[in-house]
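Residue-level listing of the chains:
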Amino acid sequence: MRAGVQSYRIVASWLLGGFVVIALALLVLPGRSYASQDREHLLAGMSAQHPAGTDALGRDRMVRVSAAFLLSLAGAVLAAAATTVAAAGVGTLAAFSPATLGRFAMLLCDVFLALPWLFLLMMVRSALPLTTSPAHSAAVTFLVLAALGWPACARAVYRGALELRSAEWMLQARATGLRRAQMMRHILPNLMPLLMPQFLICIPAFIIAEANLGALGLGIGEPLPSWGGMLLELDNSPMLMRTGWVYLPIGLLILILLLLEAVAAEVR
């Protein structure tokens, strides 16, 4: 059973890597740009020049989907890494601090978890000026996701660090006179089996959050492509009647999320 799950994870990893390579290849091809417009082929269907057709502005849909995939994946990975590092620091320090301080830190985590983080994302993102550049809006979107995503992970790290604090090797290290800074070097490697699943779980969660913001018009600004921005096309009934390629972003998004879930399943 475990061998089957392992092979499934390997296949999912290879498929994800293949999608990344294909997306990069589409973006580096000469004459391919996610922002270039072909005014003579608006909402065009499948052709040799545009394999997945074009959108309402004549932009190549395949290129834009590839760019949105790479942008969301890179942003989610960086945001998940920042969240995991912050959670590791907060959870570990809370576990090895005095009990009162540790409980106060976990109380703050509970307060953050009780807040409607999606609405907080919407509030922060909507507070940005309309003149914000697309690159700036993308950076702010994923920074806000990272800033609001650490409490749940911090709680898990806190529990794991408490178990390490009472472990036999930790008690022996204290008895031998090791300083706290010296013991921290051994604590973080022992927390890696806990941190890695948290990191992998955050990636699809952040991709979904970015897509939700984009679908509400609060995500990454144009002309940078985003999942949510392309999902807005599904509200255009005449466009749905003209071409079936309008479903490509949502289909690929679901596939990517399933592959990420398969990659993270074995590590949990």
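These notes cover the structure that comes with them.

The rules behind the values
Residues numbered from 1 in each chain as written. Predicted model: local features only at pLDDT ≥ 70, side-chain atom pairs only at ≥ 80, totals over all residues. Heavy atoms only, no water. Helix = DSSP H or I, 4+ residues; strand = E, 2+ residues; numbered from the N terminus. Buried < 20%, exposed > 50% of the residue type's maximum accessible area, 1.4 Å probe, protein only. Contact = heavy atoms within 4.5 Å. Areas by Shrake-Rupley, 256 points an atom, 1.4 Å probe, with all protein chains shown as cover. Axes fitted to C-alpha atoms, helices over the stretch in contact; angles between N-to-C directions. Left-handed = near helix turned anticlockwise from the far one by under 90°. Nonpolar A, V, L, I, M, F, W, Y, C, P; charged D, E, K, R; others polar. Polar contact = N/O pair within 3.5 Å; in protein donor to acceptor, adjacent residues only side chain to side chain. Expected span 1.5 Å × (residues − 1). Salt bridge = Lys/Arg side-chain N within 4 Å of Asp/Glu carboxyl O.

Time to look at the overall build of the protein. Each helix and strand in the protein was counted, giving 11 helices and 0 strands. The helix and strand sequence of the protein, counted from the amino end, reads α-α-α-α-α-α-α-α-α-α-α. For the protein, the proportion of its 268 residues judged to be buried stands at 43%. A fraction of 71% describes how many contacts in the protein between residues 6 or more apart in sequence connect residues 24 or more apart. Only carbon and sulfur atoms are counted for the fraction: they give 70% of the accessible area of the protein, which is about 14,200 Å².

A word on the packing of helix H2 (residues 61-95) against helix H5 (residues 134-148). Helix-helix packing is described using two parameters, namely the angle between the two axes and the distance between the axes. Contact pair H2 / H5: the axes reach a minimum separation of 8 Å and the direction vectors enclose 35°. Regarding H2 and H5, the two cross each other, and that crossing is right-handed. Only Phe142, Leu145 and Ala146 of H5 make contact with H2, whose side of the interface consists of Leu71, Ser72, Gly75, Ala76, Ala79, Ala82 and Thr83. Class assignment of the residues belonging to the contact of H2 with H5 gives a composition of 7 nonpolar, 3 polar and no charged.

Relative to the helices and strands, Asp60 resides in the loop between helix H1 (2-28) and H2. Here the side chain of Asp60 touches Met62 through a polar contact of 3.0 Å, landing on its backbone nitrogen. Of the polar contacts made by the side chain of Asp60, one reaches the backbone nitrogen of Val63; its length is 3.0 Å. Excluding residues that lie within four positions of it along the chain, Asp60 makes contacts with Arg32, Gln49, His50, Pro51, Gly53 and Thr54.

Taking 1.5 Å of rise per residue, the 16 residues of helix H6 (residues 150-165) would be expected to cover 22 Å, and the 22 Å separating its terminal C-alpha atoms lies within 8% of that figure. Looking only at H6, the buried set comprises Trp150, Pro151, Cys153, Ala154, Arg155, Ala156, Val157, Tyr158, Gly160, Ala161 and Leu164.

What follows concerns the pattern of salt bridges. According to the stated counting rule, one finds 3 salt bridges in the structure shown. Measuring nitrogen to oxygen at the nearest pair gives 2.9 Å for the salt bridge that ties Arg59 to Asp55. The class of Arg59 is buried, set by a relative accessible area of 8%. Across the pair Asp55 and Arg64 runs a salt bridge whose closest N-O atoms are separated by 3.8 Å.

Geometry only, nothing functional implied.
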